[in-house]
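This is what each chain is made of:
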Amino acid sequence: MRVRARTGVIGSLAPLVILLLLSLSAVAQNPKKDNYLRNMALCSGADRAPTDARITGCTALIDAHDDLSTDALAVVYNNRGIAYAAKRDYDRAIGDFDQSIELNPSYARAFNNRGVVFLKKRDYDLATEAFDQAIRINPNYGQAFANRAEAHLKKNEYERAAQDYDRAIQIEPKLDGVWNGRCWTRAILGALKEALEDCNKVLQSGPGNAATYDSRGLIYLKTGQLAAAIDDYSAALRIDPKLASALHGRGLAKLKQGDKAGADGDIAAARAIQRNIADDFERYGVKIEAPMR
């Protein structure tokens, strides 16, 4: 699987502010009030607080948990889990998400966030289970559908990924990454006209990203528009020079054009980054073939 521009999206920090304001009514006249408010702001990620400061703020709230409601404490654990995930301390992050879920079993965001961490740990079955639960709790959770689509992609379950991207787009059409995700999935499945519409929508709406150019490059490669494929793969590589799928795809397009020297360089570079990249492209329906003479 290619390196994606996004591998799951962690849920937001926002709910903590309201929940803690409700919880803090009992300590409104307490001298510790200022510390609580400062820790609340840190734990909520206010003013782009550094990750370590967010962890410190959340931990202080947890240590003083007697002043918090159960739901507020669940949000605090969730927010600290997000901060640990940002530090790639995935085991601690999962521990906090588990604690959040134990406190509030109907907290869909904690399930989603646990799924994202399992995605990062490459435990795709556990990731899918967590997203399933988030969606059962909240059937209109667009980000959970998008994240589950990512898990399906990692497991080469392209039809399921396409269905989840469809649902995510129905719920939140402006969600980051969903149009490109569906473009890529449709390109793999061979729905090339529809895939091209999705990719063009992304590229027409603002500055392009490597993943979208890479996705459209695959469409052009599969439709035999080799010059256009090379242009898009090159655009992707200007943004992300180590994107293995773009290197390999450009190499295949060059090979089909008869540029063996250029093709060999790109394909070798792709394999140095991702050894099994040719196997991925075979699943996408594209094989290395010598040009016709």
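Residues numbered from 1 in each chain as written. Predicted model: local features only at pLDDT ≥ 70, side-chain atom pairs only at ≥ 80, totals over all residues. Heavy atoms only, no water.

### A closer look at the pattern of salt bridges
What counts, and what does not: What makes a salt bridge here is a side-chain nitrogen of Lys or Arg within 4 Å of a carboxyl oxygen of Asp or Glu, nothing more. Under the scheme used here, helices are H or I runs from DSSP no shorter than 4 residues and strands are E runs no shorter than 2 residues, and both carry numbers assigned from the N terminus.
The tally for this structure, following the rule as stated, stands at 19 salt bridges. Across the pair D91 and K121 runs a salt bridge whose closest N-O atoms are separated by 3.2 Å. One end of the pair, D91, is in helix α5 (residues 90-103); the other, K121, is in the loop between α6 (108-120) and α7 (124-137), and 30 residues separate them in sequence. Here D232 ties to R216 by a salt bridge, and the two come within 2.5 Å at their closest N and O atoms. Here D232, found in helix α13 (residues 226-239), pairs with R216, found in helix α12 (residues 210-222); they are 16 residues apart in sequence, far enough to count as distant.

### Details of unusual backbone geometry
Threshold: Buried, partly exposed and exposed residues are distinguished by accessible area as a fraction of the type maximum, computed with a 1.4 Å probe on protein chains only: under 20%, between the cut-offs, and over 50%, respectively.
At R88, a position not held by glycine, the phi torsion is positive, near 65°. Residue position: R88 is located in the loop between α4 (70-86) and α5. R88 sits in the exposed class, given a relative accessible area of 68%. Although it is not a glycine, R122 sits at a positive phi angle of roughly 65°. With respect to the helices and strands, R122 occurs in the loop between α6 and α7.

### Observations concerning the packing of aromatic side chains
The line we're drawing: Whether two aromatic rings pair depends on their centres lying within 6.5 Å, for rings of Phe, Tyr and Trp, where Trp uses its six-membered ring; planes under 30 degrees apart make the pair stacked, over 60 edge-to-face, and the rest tilted. Whether a charge sits over a ring depends on NZ of Lys or CZ of Arg being within 6 Å of the ring centre and within 35 degrees of the ring normal.
Evaluated as defined, the whole model comprises 2 aromatic pairs. Three or more aromatic residues joined by ring pairs make a cluster, and in this case those are W184, F281 and Y284. Seen from the ring of W179, K201 lies directly overhead, with NZ or CZ sitting 4.8 Å from the centre.

### Digging into the confidence of the model for the protein chain
Which entries qualify depends on this criterion: The predictor reports its confidence for every residue as pLDDT, a score running from 0 up to 100. Contacts are assigned to residue pairs with any non-hydrogen atoms lying within 4.5 Å of each other.
Confidence in the prediction of the protein chain, expressed as mean pLDDT, is 89, and 87% of residues score 70 or more. Confidence drops under pLDDT 50 across residues 1-5; counting only partners more than four residues distant or on other chains, this segment forms 25 contacts. Residue range residues 16-28 is modelled with pLDDT below 50. Its contacts to residues more than four positions away, or to other chains, number 28 contacts.

### Considerations on the state of the cysteines
Worth spelling out the cut-off: Here, a disulfide means two cysteine sulfur atoms that sit within 2.5 Å of each other.
What the rule picks out here adds up to 2 disulfides. The disulfide bridge from C183 ends at C199, spanning 2.0 Å between sulfur atoms. As the torsion about the S-S bond is roughly -95°, the C183-C199 disulfide counts as left-handed. Of the two residues, C183 is situated in helix α10 (residues 178-189) and C199 in helix α11 (residues 192-204); the sequence distance between them amounts to 16 residues. Both residues of the pair, C183 and C199, belong to the buried class.

### Quick word on the nonpolar core
Definition in use: Residues belong to a common nonpolar core when they are buried Ala, Val, Leu, Ile, Met, Phe, Trp, Tyr or Cys residues joined through side-chain atoms within 4.5 Å.
Judged by nonpolar contacts, the single largest core of 54 residues is most densely connected at V178, L218, I219, L221, Y233, F281 and Y284. In this structure, I55, F118, A127 and A151 belong to the second largest nonpolar core, which totals 17 residues.

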